[in-house]
Amino acid sequence: MANLDIQLADKLKTLLKQTALSVTEQQQQQLVKLVLLLDKWNKAYNLTSVRDPQEMLVKHILDSIVVSPYLQGNRFIDVGTGPGLPGLPLAIVNPQKQFVLLDSLGKRISFIRNAIRELGLTNVEPVLSRVEDYHPDHQFDGVLSRAFASLKDMTEWCHHLPKSDGLFYALKGLYHEEEVKELNPQFKVKNVIKLEVPELTGERHLVIL
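From a predicted model like this one, the values you see are computed outputs, not experimental measurements.

### Some points on the pattern of salt bridges
Summed over the entire model, instances satisfying the criterion amount to 12 salt bridges. Between aspartate 63 and arginine 146 there is a salt bridge whose closest N-O contact spans 3.0 Å. One end of the pair, aspartate 63, is in helix H3 (residues 53-65); the other, arginine 146, is in strand E4 (residues 140-146), and 83 residues separate them in sequence. With respect to class, aspartate 63 is no different from arginine 146; both count as buried. Salt bridges linked by common partners bring Asp63, Arg146 and Arg204 together as one network.

### Overview of unusual backbone geometry
With omega at 5 degrees, the peptide bond leading from leucine 85 into proline 86 counts as cis. Looking at the element boundaries, proline 86 is found in the loop between strand E1 (75-79) and helix H4 (87-93). Phi at asparagine 46 is positive, roughly 55 degrees, even though this residue is not glycine. Although it is not a glycine, glutamate 199 adopts a positive phi angle of roughly 65 degrees. When you line up the elements, glutamate 199 lands in the loop between strand E6 (191-194) and strand E7 (205-208).

### Here we look at the packing of aromatic side chains
Going through the model one piece at a time under the given rule, you end up with 5 aromatic pairs. Measuring from ring centre to ring centre gives 4.9 Å for tryptophan 41 and tyrosine 45, while their planes differ by 25 degrees; the resulting arrangement is stacked. Residue tryptophan 41 and its partner tyrosine 45 are located together in helix H2 (residues 25-45), separated by 4 residues, close to a single helical turn. Its relative accessible area of 14% is what places tryptophan 41 among the buried residues. Ring plane angle 70 degrees and centroid distance 5.4 Å describe the contact between tryptophan 41 and phenylalanine 111, whose orientation is recorded as edge-to-face. Within this pair, whereas tryptophan 41 is found in helix H2, its partner phenylalanine 111 is found in helix H5 (residues 106-119), the two being separated by 70 residues in sequence. The class of phenylalanine 111 is buried, set by a relative accessible area of 0%. Taken together, the aromatic side chains of Trp41, Tyr45 and Phe111 make up a single cluster linked through ring pairs.

### Notes on the nonpolar core
Ranked by internal contacts, the top residues of the largest apolar core, which has 51 residues, are Leu88, Phe111 and Leu144. Of all the secondary structure elements, the ones that give two or more residues to this core are helix H1 (2-17), H2, H3, H4, strand E2 (98-103), H5, strand E5 (162-172) and E7. With 8 residues, H2 is the largest single contributor of residues to this core. Dropping the residues within four chain positions of it, leucine 144 is found in contact with Val67, Leu71, Phe76, Ile77, Asp78, Val79, Leu90, Phe99, Met154, Tyr169 and Leu171. By size, the runner-up hydrophobic cluster in this structure holds 20 residues, among which are Ile77, Val79, Val127 and Val131.

### Details of the packing of H2 against H5
Running from amino to carboxyl end, H2 crosses H5 at an angle of 145 degrees, the nearest separation of the two axes being 10 Å. The two elements H2 and H5 cross, and the hand of that crossing is right-handed. Of the residues in H5, those in contact with Gln30, Lys33, Leu34, Leu37, Leu38, Trp41 and Tyr45 of H2 are Lys107, Ser110, Phe111, Asn114, Ala115, Glu118 and Leu119. Of the residues belonging to the contact of H2 with H5, the class tally is 8 nonpolar, 3 polar and 3 charged.

### A short note on the UniProt feature "binding site: S-adenosyl-L-methionine" (unreviewed entry) in the protein chain
In the numbering used here, UniProt assigns the feature "binding site: S-adenosyl-L-methionine" (unreviewed entry) to Gly80, Leu85, Val131, Glu132 and Arg146. Tracing the backbone through its elements, the reader meets glycine 80 in the loop between E1 and H4. By the secondary structure assignment, valine 131 is in the loop between strand E3 (124-128) and E4. Using a relative accessible area of 7% as the deciding quantity, one classes valine 131 as buried. Residues contacting valine 131, with those up to four places away along its chain left out, are Val79, Leu102, Trp157, Cys158, His160 and Leu161.

Rules and cut-offs
- Residues numbered from 1 in each chain as written.
- Predicted model: local features only at pLDDT ≥ 70, side-chain atom pairs only at ≥ 80, totals over all residues.
- Heavy atoms only, no water.
- Salt bridge = Lys/Arg side-chain N within 4 Å of Asp/Glu carboxyl O.
- Helix = DSSP H or I, 4+ residues; strand = E, 2+ residues; numbered from the N terminus.
- Buried < 20%, exposed > 50% of the residue type's maximum accessible area, 1.4 Å probe, protein only.
- Phe/Tyr/Trp six-rings, centres within 6.5 Å; stacked < 30°, edge-to-face > 60°.
- Core = buried A, V, L, I, M, F, W, Y, C linked by side-chain atoms within 4.5 Å.
- Contact = heavy atoms within 4.5 Å.
- Axes fitted to C-alpha atoms, helices over the stretch in contact; angles between N-to-C directions.
- Left-handed = near helix turned anticlockwise from the far one by under 90°.
- Nonpolar A, V, L, I, M, F, W, Y, C, P; charged D, E, K, R; others polar.
- UniProt positions renumbered as here; feature names shortened; annotations may be inferred.

Laid out in structure tokens, this is it:
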């Protein structure tokens, strides 16, 4: 285990050097620990199809935190977070921002609760709910989702979550303009950012609405 720890820590450093992100030593340790937890729980709960911890660093951790520089505001909700992606990695590298992680599957929320405890995170609130049934007492600066349905579904199901000046952040693989044409006219694409994720094959885009 200790060896894997060190391997992952080294690998993470190498990956981070290829980005403009500044991640403290402590945050790097937390990110590595998150991968080890995912790896451990994955064996029993099948939380992610990515089995190799080294690959998790690229496909889950880096793929999540490259979005960090674009987040505006303090309060975010990660909808359909699965095992806490991108919410947990983003919460680790943004300790001053608050994150609600929403998922409708109990085992995923159990994993997130455990991860919050193990990592000592104080800025994450896990919520077990379907998004359309979730009506919080405050709205969010940003609504995040990764590998969620289409932009249309995301905006329709989550329209009650952002503040009037809040933004949707959709983490996508390929960017399809057709998806934008299906949007309700009240939603506008503010920006489409091509994300560079070191060692990741395939395209990644952040669509901000």
